[in-house]
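Here's the letter readout for the chains.
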Number of protein chains: 2
Amino acid sequence: MKKYGEMSKEELRSLKSELEHQYADVKAQGLALDMSRGKPGAEQLNLSMDMMKVLADTTDLKCETGVDCRNYGVIDGIPEAKRLLGEMSEVDPEHIIIYGNSSLNVMFDSIARSMTHGVMGNTPWCKLDKVKFLCPVPGYDRHFKITEYFGIEMINVPMTPEGPDMDMVEKLVSEDDAIKGIWCVPKYSNPQGYTYSKETVERFAALKPAAPDFRIYWDNAYSIHHLYDDNQDFLEEILSACAKAGNPNLVYKFTSTSKVSFPGSGIAAVAASKANLEDFRQYMQIQTIGHDKLNQLRHVRFFKDLEGLHAHMRKHADIIRPKFELVLDTLERELGGLGIGQWTKPHGGYFISFDSMEGCAKAIVEKAKEAGVVMTGAGATYPYGKDPKDSNIRIAPTFPSLEELGKAAEIFVLCVKLASVEKLLGNE
Amino acid sequence: MKKYGEMSKEELRSLKSELEHQYADVKAQGLALDMSRGKPGAEQLNLSMDMMKVLADTTDLKCETGVDCRNYGVIDGIPEAKRLLGEMSEVDPEHIIIYGNSSLNVMFDSIARSMTHGVMGNTPWCKLDKVKFLCPVPGYDRHFKITEYFGIEMINVPMTPEGPDMDMVEKLVSEDDAIKGIWCVPKYSNPQGYTYSKETVERFAALKPAAPDFRIYWDNAYSIHHLYDDNQDFLEEILSACAKAGNPNLVYKFTSTSKVSFPGSGIAAVAASKANLEDFRQYMQIQTIGHDKLNQLRHVRFFKDLEGLHAHMRKHADIIRPKFELVLDTLERELGGLGIGQWTKPHGGYFISFDSMEGCAKAIVEKAKEAGVVMTGAGATYPYGKDPKDSNIRIAPTFPSLEELGKAAEIFVLCVKLASVEKLLGNE
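Residues numbered from 1 in each chain as written. Chains lettered and ligands numbered in written order. Predicted model: local features only at pLDDT ≥ 70, side-chain atom pairs only at ≥ 80, totals over all residues. Heavy atoms only, no water.

K.L.:
What exactly am I supposed to notice about the sheet that holds strand β5 (residues 163-164) of chain B here?
P.N.:
The strands making up a sheet associate through hydrogen bonds between their backbones, and the pairing can be parallel or antiparallel. Residues and elements named next belong to chain B. Taken together, the eight strands give an open sheet; going across it, the order is β2-β9-β8-β7-β6-β3-β4-β5, and neighbouring strands pair in mixed fashion. One side of each edge strand has no neighbouring strand; the edge strands of this open sheet are β2 (96-98) and β5. In this sheet, strand β8 (residues 251-256) lies alongside strand β7 (residues 215-219) in parallel orientation, the contact comprising four bridges. Directly across from Ile 216, in β8, lies its bridge partner Val 251. Its contacts with the sheet put helix α4 (residues 103-117) on β3 (132-137), β6 (179-184), β7, β8 and β9 (268-271), and the angle it makes with β8 is roughly 150 degrees. (Pairing = 2+ DSSP bridges. Helix = DSSP H or I, 4+ residues; strand = E, 2+ residues; numbered from the N terminus. Contact = heavy atoms within 4.5 Å. Axes fitted to C-alpha atoms, helices over the stretch in contact; angles between N-to-C directions.)

Structure below.
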């Protein structure tokens, strides 16, 4: 296979003409396929249908301390839900608060609270001239939208297969007390599927931030979301690493069952030091009458324990593994050796990250859209939607059926080829 | 029955001795009764148990527009839930956003959003020197806690059986642009059970606030929570009144099913003008991945429509009406004509408001506590917990069983008598 970059203009022109022909054929099919969001497919949702039954035929809706889960009370989660999500988060239940249906909502509220009330007695951020966040890139668009919404200046930090560039992180947070946080998806990262190395986690835990209210926003969204039984990434537990390094309050760790049970109808949790949780609770007890305890009970009775969660996640993996493999096979078969793109091969999570030649991502996504395949917007994986190289594209293979995904992947690689040829030929 | 205020010192001393004797007897029983919070009793919660079944035996978990309620999507509520809570709120579904499990949380978030981002393009409140709220008193403690938490200055406005003192409200909001809102529980108010008159609602709708971002926080928590079939209060619909008065954006109307289905596992909604809802949506789409649509579906499939809601609320009324009547009978029988207390006789809602002689409320609540009866803290119905007359006590009769309530009411009136006698005798 000849690299595109080594082709003559003549060869490129001929290739372009051929690709345009194929592209016209595809457009004529009027497809409507979606590889844009990290949504489970219907088959995955079917796995949890018995959860709708677990509270149906019982009059026992009390949690283990005897509180009636149908009524007001228990602001920070029933004990058995703290235990379950504690196991999932690898921390003791006493370091857990159970929230509502969206961990993103908890992250948003954490930032909102820091704006209006500050972190553990520090100055509210809205009283400061400047607040900054570090953003490992590429990253999760909805994290970046939160900090953007609050007018927080975002600083890009390059990702590596080991995690964020820690030299840069250490330097920045130790020098600038306006830097109040960093967004992390430490395991099967969004979008690359990288897992932070032991060294990275330990360097995070040992950070010496200039700002006393600096926190690591550790969004462990894919903690148990493996694709393989025998090829799993391992992530060092950050809370104990921080405690060991003498920085117990440095991290907020978020998790949820959104991609375990039902997105939108799951339960979320924060794991943090007791001092941090006390800060959260002071806000919570004013903010809400409490979260949905029946849904907490539903989850505990359905999953039972960590082994139940793992068994369930293996069923998810069986469904989505072929989807990841189909996309990866298509990328390898169609683009391998062409020198027009690179991609990650994750062991878990929900995404494959694709890097096109510089300056091609927008064109690829636009072409895919015209051909009926919706991708995550180019640039979305960067703060302010600005990918400086215009090359990163997030591929979300889970939602379409295998058949749809096969078509979508073929169209995607076609668009990559076409956009790359056009780029190489310039404005001719 | 001789009024306490007309008794001689001698008579009072003799009465005091007799009451102290009774009180000692009661304390010796070591009771543990709770009339403190507006919580449904277990019998009421049993009314909704079939809601746990409605999604158990179906594979159809799509809303009427075909969206799978088990997955991400539909940020502001499924159409059938908007219709149901629209009917409950007496507005069109297009004026409704469905939220999570707590309308208090939505109110809190509305204030938080106003602090950091302002209301419909106006200056964020955190950038202003002073923000004030009007607080009809007595009122709902958790409203006041929210505004206190955000450092908003609260101004007491006296309640009347027709609603807040509107002369005062009109004067204050038209003169002071630091006043950004007013907390209202317009129907079966918390704690008095008063319902705002038609004139009051129309005067609200016609307000000419100095602040363009002034909003009425209309917490219609008890809209369908009648005690009687034949003796119901009627509340003028505020959104249409505001539109008619040329002030369509003046009000946020909140509601929830907390005391219809399950507290903590219900669904909440806001009704407002389209411009206001757009303001809410801009925040929501950053804040959350969406609310629990399965719980929305559960509610719609269980209640079906407004008639279903009303039928359900009649069952609630059958359970709690005897409780209200038991307390009212006890108050009348034991305190009627003594001149040491007044109380309201609501047609709906969750509370009875009791006003003792000035300077006695704290002592009464303290004595009740010592005798094993927990009441809402004296002062709680006022901003900052400060009842200037120390006379208002909120009675919540719904949670205890009839038998427990009977005992609690007897102890309460005993404590009222004893505290009143002590007050009249002074420090002798």
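K.L.:
Would you mind showing me how to read the interface of chain A and chain B here?
P.N.:
Think of interface size as the accessible area that goes away when the parts come together; that is how it is often given. Contacts between the two partners involve 58 residues from chain A and, on the opposite side, 58 residues from chain B. Each partner contributes to the roughly 4,900 Å² buried at the junction of chain A and chain B, and carbon and sulfur atoms together form 55% of this total. Contact with chain B buries area across many residues of chain A, yet Arg 70, Tyr 72 and Ile 286 of chain A alone supply 16% of it, more than any other trio. The interface formed by chain A and chain B includes two salt bridges. Lys 53 of chain A is paired through a salt bridge with Asp 57 of chain B; the nearest N and O atoms lie 3.6 Å apart. Viewed at the interface, chain B and chain A are joined by 22 residue pairs in polar contact (both at pLDDT 80 or more). (Buried area = accessible area lost by both parts, 1.4 Å probe. Salt bridge = Lys/Arg side-chain N within 4 Å of Asp/Glu carboxyl O. Polar contact = N/O pair within 3.5 Å; in protein donor to acceptor, adjacent residues only side chain to side chain.)

K.L.:
Mind showing me how you'd approach the packing of aromatic side chains here?
P.N.:
What characterises a pair of aromatic rings is the spacing of the ring centres plus the angle enclosed by the ring planes. A full pass over the atoms with the stated rule returns 44 aromatic pairs over all chains. Relative to Phe 150 of chain A, the ring of Tyr 149 of chain A has its centre 5.3 Å away and its plane inclined at 85 degrees; by these criteria the two rings are edge-to-face. Accessibility expressed as a relative area gives 8% for Phe 150 of chain A, which makes it buried. An aromatic cluster of at least three residues, connected via ring pairs, comprises Tyr 99, Trp 125, Phe 133, Trp 183, Tyr 217, Tyr 252, Phe 254 and Phe 280 of chain A. One residue, Lys 259 of chain A, lies across the ring of Tyr 350 of chain A, its end atom 5.3 Å from the ring centre. Over the aromatic face of Phe 399 of chain B sits the side chain of Lys 39 of chain B, whose NZ or CZ is 4.7 Å from the ring centroid. (Phe/Tyr/Trp six-rings, centres within 6.5 Å; stacked < 30°, edge-to-face > 60°. Buried < 20%, exposed > 50% of the residue type's maximum accessible area, 1.4 Å probe, protein only. Lys NZ or Arg CZ within 6 Å of the ring centre and 35° of its normal.)

K.L.:
I tried to follow the pairing of β7 of chain B on my own but got confused; where do I start?
P.N.:
A regular strand places its side chains so that they alternate between the two faces of the sheet. All names here are of chain B. With five of five residues buried, β7 is to be regarded as a mostly interior element. Here β6 pairs with β7 via four bridges, running parallel. If you follow Trp 183 over to β7, its bridge partner there is Tyr 217. You can see the chain leave β6, run along helix α7 (residues 198-205) and come back into β7, and the turn it takes is right-handed. In the classification by handedness, the crossover that spans β7, the intervening helix α8 (residues 238-244) and the parallel β8 is right-handed. (Right-handed = clockwise from strand over helix to strand, strands pointing away.)

K.L.:
Before we go on, may I ask you to explain the sheet that holds strand β11 (residues 352-356) of chain B in this structure?
P.N.:
Residue and element names in this part refer to chain B. The strand order across the open sheet built from three strands is β10-β11-β13, with neighbouring strands paired in antiparallel fashion. A strand with exactly one partner marks an edge of an open sheet, and here the two such strands are β10 (341-343) and β13 (392-395). The sheet shows a mean angle of 25 degrees between the axes of neighbouring strands, direction not considered. Sheet topology note: the β11/β13 ladder contains four bridges and is antiparallel. Residue pairing across strands places Phe 354 opposite Ile 393, the latter belonging to β13. Contacts from helix α12 (residues 361-370) reach β11 and β13, with the element oriented near 40 degrees to β13.

K.L.:
Could you clarify how one ought to interpret helix α1 (residues 9-28) of chain B in this entry?
P.N.:
A turn of α-helix holds 3.6 residues, and therefore any two residues three or four places apart point the same way. Residue and element names in this part refer to chain B. Taking 1.5 Å per residue as the helical rise, α1 with its 20 residues ought to reach 28 Å, and the 28 Å between its terminal C-alpha atoms agrees with that figure. Buried within α1 we find Leu 12, Leu 15, Leu 19, Tyr 23 and Val 26. The buried residues of α1 occupy an angular sector of 75 degrees when projected down its axis, which confines them to one face. Exposed side chains of α1 directed beyond 90 degrees from the buried face belong to Glu 10, His 21 and Ala 28. Looking at the buried residues of α1, the elements they touch are α12 and α13 (402-425). One or two residues past the end of α1 sits Gly 30, with phi positive at roughly 60 degrees. (Expected span 1.5 Å × (residues − 1). Arc of directions from axis to C-beta.)

K.L.:
It is not clear to me how the pattern of salt bridges should be interpreted in this structure. Could you clarify?
P.N.:
Side-chain pairs of opposite charge can arise where the charged atoms are in close proximity. Going through the model one piece at a time under the given rule, you end up with 56 salt bridges over all chains. A salt bridge links Lys 417 of chain A to Glu 334 of chain A, with the nearest nitrogen and oxygen atoms 2.7 Å apart. Of this pair, Lys 417 of chain A sits in helix α13 (residues 402-425) while Glu 334 of chain A sits in helix α11 (residues 306-335), and the two are 83 residues apart along the sequence. An identical accessibility class is assigned to Lys 417 of chain A and Glu 334 of chain A; each is buried. Notably, a salt bridge pairs Glu 202 of chain B with Lys 198 of chain B, separated by 2.9 Å at the nearest N-O pair. Here Glu 202 of chain B and its partner Lys 198 of chain B are both found in helix α7, four residues apart, which amounts to about one turn of the helix. Glu 202 of chain B gets classed as partly exposed once you look at its relative accessible area, which sits at 35%. Several salt bridges share partner residues, and in doing so they unite Asp 76, Lys 82, Glu 278 and Arg 281 of chain A into one network.

K.L.:
I tried to follow the layout of surface pockets on my own but got confused; where do I start?
P.N.:
The probe, sized like a water molecule, is rolled over the atoms to show the empty space still left. Estimated volume of the largest pocket: approximately 690 Å³. Looking at the largest pocket, it is lined by 30 residues, and the ones nearest its centre are Tyr 72 and Ile 289 of chain A together with Arg 37, Tyr 140 and Arg 142 of chain B. Counting only elements with at least two residues in the lining of the largest pocket, the list comes to α9 (274-287) of chain A together with α4 and α5 (141-149) of chain B. Considering only enclosed or pocket space, the second largest pocket measures out at about 570 Å³ in volume. The wall of the second largest pocket is formed by 28 residues, among which Arg 37, Tyr 140 and Arg 142 of chain A together with Tyr 72 and Ile 289 of chain B lie closest to the centre. For the lining of the second largest pocket, the secondary structure elements donating two or more residues are α4 (103-117) and α5 (141-149) of chain A together with α9 (274-287) of chain B. (1 Å grid on protein atoms, 1.4 Å probe; cavity = no way out; pocket = protein on both sides within 12 Å on 5 of 7 lines; lining within 4 Å. Points joined across faces, edges and corners; volume = space filled by probe spheres on them.)

K.L.:
So what exactly am I meant to see when it comes to the nonpolar core here?
P.N.:
Where a protein is soluble and globular, its nonpolar side chains tend to be buried together. Of all hydrophobic cores here, the largest spans 130 residues; its most connected members are Ile 111 of chain A together with Ile 111, Leu 331 and Phe 412 of chain B. Element by element, the count of residues in this core is highest for α13 of chain B, at 12 residues. Apart from residues lying up to four places away in sequence, Leu 331 of chain B is in contact with Gly 336, Trp 343, Ile 352, Phe 354, Ile 395, Phe 412 and Val 413 of chain B. (Core = buried A, V, L, I, M, F, W, Y, C linked by side-chain atoms within 4.5 Å.)

K.L.:
Hey, could you run me through the relation of the copies chain A and chain B in this one?
P.N.:
Between the two copies of this chain, the relationship is a rotation about some axis together with a displacement along it. At an RMSD of 0.0 Å, chain A and chain B line up after a rotation of 180 degrees and a shift of 0.0 Å along the axis. One copy is carried onto the other by what is essentially a two-fold rotation axis. Both copies present the same face, since 100% of the interface residues in chain A are matched by interface residues at the equivalent positions in chain B. (Least-squares fit on C-alpha atoms with pLDDT ≥ 70 in both.)

K.L.:
I would appreciate a short explanation of the state of the cysteines in the present structure.
P.N.:
Put plainly, a disulfide is one covalent bond tying together the sulfur atoms of two cysteines. All names here are of chain B. Here the structure, examined in full by the defined rule, presents zero disulfides over all chains. With no disulfide partner, Cys 415 has as its closest neighbouring cysteine sulfur the one in Cys 360, 12 Å distant. The exposure class assigned to Cys 415 is buried, which follows from its relative accessible area of 0%. (Disulfide = S-S within 2.5 Å.)

K.L.:
Whenever I open this one, the side chain of Thr 288 of chain B confuses me. Can you help?
P.N.:
Examined against the element boundaries, Thr 288 of chain B turns out to sit in the loop between α9 and α10 (293-303). Among the polar contacts made by the side chain of Thr 288 of chain B, one reaches the main-chain amide nitrogen of Gly 290 of chain B at a distance of 3.0 Å. Once residues within four sequence positions are removed from consideration, Thr 288 of chain B is found in contact with Ser 102, Leu 104, Asn 105 and Arg 142 of chain A together with Ile 75 of chain B.

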